[in-house]
Amino acid sequence: MSVQEVHSSSPRTGAQAVIADATDPARRADVLFRVRREQGHEISSWWMVGAFFIVSAAVIALMSLVPGGA
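Predicted model only: the values in this text are computed from it and were never measured.

From N to C terminus, the chain includes three helices and zero strands. The helix and strand sequence of the chain, counted from the amino end, reads α-α-α. Across the 70 residues that make up the chain, the buried fraction comes to 6%. Approximately 6,700 Å² of the chain is accessible, and the part contributed by carbon and sulfur atoms is 65%.

It is worth spelling out the packing of aromatic side chains at this point. Counted under the stated rule, the structure contains one aromatic pair. Pairing F52 with F53 gives two aromatic rings, centres 5.5 Å apart and planes at 70°, and the pair type is edge-to-face. This pair shows no difference in class: F52 is exposed, exactly as F53 is.

Let us look at a nonpolar patch on the surface. Together, W46, V49, F52 and F53 line one region of the surface with nonpolar side chains, adding up to about 510 Å² of accessible area. Looking at where F52 falls in the secondary structure, it is placed in helix 3 (residues 45-63).

Look at helix 3: 27 Å from first C-alpha to last across 19 residues, which is about the 27 Å you get at 1.5 Å a residue. With respect to burial, helix 3 is a largely exposed element, only zero of its 19 residues being buried.

To continue, consider the confidence of the model for the chain. Looking at the chain, the pLDDT average stands at 75 and 50% of residues meet or exceed 70. In the model of the chain, helix 1 (residues 3-9) stands out as the element of lowest mean pLDDT, 51, in contrast to helix 3, which has the highest, 95.

Rules used in this analysis
Residues numbered from 1 in each chain as written. Predicted model: local features only at pLDDT ≥ 70, side-chain atom pairs only at ≥ 80, totals over all residues. Heavy atoms only, no water. Helix = DSSP H or I, 4+ residues; strand = E, 2+ residues; numbered from the N terminus. Buried < 20%, exposed > 50% of the residue type's maximum accessible area, 1.4 Å probe, protein only. Areas by Shrake-Rupley, 256 points an atom, 1.4 Å probe, with all protein chains shown as cover. Phe/Tyr/Trp six-rings, centres within 6.5 Å; stacked < 30°, edge-to-face > 60°. Patch = residues over 30% accessible without salt bridge, like charges linked within 9 Å, V, L, I, M, F, W, Y side chains within 5 Å. Salt bridge = Lys/Arg side-chain N within 4 Å of Asp/Glu carboxyl O. Expected span 1.5 Å × (residues − 1). pLDDT = per-residue confidence, 0-100.

Right under this line is the structure:
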């Protein structure tokens, strides 16, 4: 049985349906913050470094409000 016979005689299911409906996973609506950009338009790694320090400072500031510390 050839591939064309499978397509013509029965509905596409399983891997055939997945491949037929395949889209770029980086552009799916349910994937947040994952976008493929063109060459030269990538985000700078310094944004991630800065975000780490800001989140760390916020956690330390909030933990200072918790009673029972030394």
